[in-house]
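# Report on the structure
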Amino acid sequence: MAKNKSFVPAEDLSKLWRALIEFDMLQPGDRILVGLSGGKDSMLLTAMLAEIKKYSPIPFELACYTVNGMFAPDFPKAELEEFCARFGLTHYSDDVNVMEAHAKKGGSPCFTCAYFRRAATNRRAKELGFNKVALAHHNDDAVETFFMNLMTSGQLRTFLPVTPLSRSGITVLRPLLYYRESEIRELVVKLGLQPIKNPCPYDGHTMRQDIKEHIAKLDALYPDAYDHLAAAMRCSDKQELWPKKPGKELLGKFHAFWGRKKNI
């Protein structure tokens, strides 16, 4: 890499800058811990944040953290440390036996994995004195989560660009939310990044994968279906939804309705 040459070209950072500025993700003195799994998304996020750190008018510190889910015996610790060292970043990691936790807890293995990874990351961030955690969720992740919540629980919700966690005091950032997954794949190739294969035995066989495929089919059948789903995640004055489902007050309304005297 030539001296003084940007690792990530400026034109590829515009959507990252937009998210950081639009959602007020940075404050002076922030210490941000990147959740680095070794996959394409988190590797790109690490490279991008390391790049914008050079130019940001708001100074912040940056480091990376990996949860070893212990799905395979050969955790690529050396490779991850070497990757982080390319950007002058410190790399931290911890072992969390996800399958053992799932055997005890039961339920969905993906939910168990996400829960324990999230808890470990937030706990480690707080121990190390970081006030923010950056996760590599992209636009497709947000739309899939929105659609999955609608289909499985009837809720119009997805994860937010910025999520303050009251219990831990950590704030979660998602700076890649304006990037489509296809863009990320292209950028990973362009930058010569070498993602590490996901050792999870459920990779590619999850409800999220099913949802991803359903959205792709919808997008093929109805032009702009994906874009409309993405737009629906935004608060809008054009929304026309039913009122909130009533609770006990509905019984009082019934009594009031039938208690009225009929006018003759």
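Overview of the structure. (Residues numbered from 1 in each chain as written. Predicted model: local features only at pLDDT ≥ 70, side-chain atom pairs only at ≥ 80, totals over all residues. Heavy atoms only, no water.)

As a further point, take the pattern of salt bridges. By the definition in use, this model includes 17 salt bridges. For the salt bridge of Arg-18 with Glu-22, the shortest nitrogen-to-oxygen distance reads 3.1 Å. Here the residue Arg-18 and the residue Glu-22 both occupy positions in helix H1 (residues 14-22), the gap between them amounting to four residues, near one helical turn. A residue is classified by how much of its surface remains accessible, and Arg-18, at 45% relative accessible area, is partly exposed. Here Glu-22 falls in the partly exposed class, since its relative accessible area comes to 34%. (Salt bridge = Lys/Arg side-chain N within 4 Å of Asp/Glu carboxyl O. Helix = DSSP H or I, 4+ residues; strand = E, 2+ residues; numbered from the N terminus. Buried < 20%, exposed > 50% of the residue type's maximum accessible area, 1.4 Å probe, protein only.)

What follows concerns the nonpolar core. Core analysis: the biggest nonpolar cluster contains 38 residues, and Leu-16, Leu-44, Met-48, Leu-49, Leu-62, Leu-176 and Leu-193 have the highest contact counts within it. Those elements that place two or more of their residues in this core are H1, strand E1 (30-35), helix H2 (40-53), strand E2 (60-68), helix H3 (77-85) and helix H7 (181-191). Considering each element in turn, this core owes the most residues, eight residues, to H2. What Leu-176 contacts, discounting residues up to four positions off in sequence, is Leu-16, Asp-41, Leu-45, Met-48, Ala-136, His-137, His-138, Asn-139 and Ile-184. Tyr-65, Val-67, Cys-113 and Ala-125 belong to the second-largest nonpolar core, a separate cluster that totals 12 residues. (Core = buried A, V, L, I, M, F, W, Y, C linked by side-chain atoms within 4.5 Å. Contact = heavy atoms within 4.5 Å.)

For His-91, the location among the structural elements is in strand E3 (residues 91-95). For His-91, a relative accessible area of 10% translates into the label buried. A polar side-chain atom of His-91 sits 2.7 Å from a polar atom in the side chain of Thr-66. (Polar contact = N/O pair within 3.5 Å; in protein donor to acceptor, adjacent residues only side chain to side chain.)

Time to look at the sheet that holds strand E5 (residues 162-164). Across the sheet, which stays open at both edges, the six strands sit in the order E3-E2-E1-E4-E6-E5 with mixed pairing between neighbours. Every other strand in the sheet has two partners, leaving E3 and E5 as the edge strands with one partner each. This sheet shows a mean twist of 25° between the axes of neighbouring strands, independent of strand direction. With three bridges joining them, strand E4 (residues 132-134) and strand E6 (residues 171-173) adopt parallel strand pairing. Paired with Lys-132 across the strands is Thr-171, a residue of E6. Contacts from H2 reach E1, E2 and E4, with the element oriented near 165° to E2. Packing against the sheet, H3 makes contact with E2 and E3, and its axis sits at approximately 155° to E3. (Pairing = 2+ DSSP bridges. Axes fitted to C-alpha atoms, helices over the stretch in contact; angles between N-to-C directions.)

Within E1, five of the six residues are buried, leaving the element largely enclosed by the surrounding structure. Direction of pairing for E1 relative to E2: parallel, over a ladder of six bridges. Note on E2: the bridge partner recorded for Arg-31 is Glu-61. In this fold, the crossover linking E1 to E2 by way of H2 has right-handed handedness. Relative to E4, E1 runs parallel, the two being bridged by three bridges. Considered in E4, the bridge of Ile-32 is made with Lys-132. (Right-handed = clockwise from strand over helix to strand, strands pointing away.)

One can describe the packing of helix H8 (residues 207-221) onto helix H9 (residues 225-232) by two numbers: an axis separation of 7 Å at closest approach and a directional angle of 120°. The segment H8 lies against H9, with Ile-215, Leu-218 and Asp-219 engaging Ala-225, Tyr-226 and Leu-229. Taken together, the residues of the contact of H8 with H9 break down into five nonpolar, no polar and one charged. (Nonpolar A, V, L, I, M, F, W, Y, C, P; charged D, E, K, R; others polar.)

The next subject is unusual backbone geometry. Positive phi is not limited to glycine here, since Asp-24 has a value of about 50°. Within the secondary structure, Asp-24 is located in the loop between H1 and E1. Non-glycine residue Asp-224 carries a positive phi angle of around 70°. Among the residues examined, Asp-224 registers a relative accessible area of 43% and is labelled partly exposed.

This part takes up the side chain of Thr-171. Among the structural elements, Thr-171 can be located in strand E6. Overall, Thr-171 belongs to the buried group, its relative accessible area being 16%. Setting aside chain neighbours within four positions, we find Thr-171 in contact with Asn-131, Lys-132, Val-133, Val-162, Thr-163 and Pro-164.

All of the buried residues along H9 are Ala-225, Tyr-226, Leu-229 and Ala-230. Looking straight down H9, one finds that the buried residues subtend no more than 140° of arc, so they occupy a single side. In this structure, the buried side of H9 is in contact with helix H6 (139-153) and H8. (Arc of directions from axis to C-beta.)

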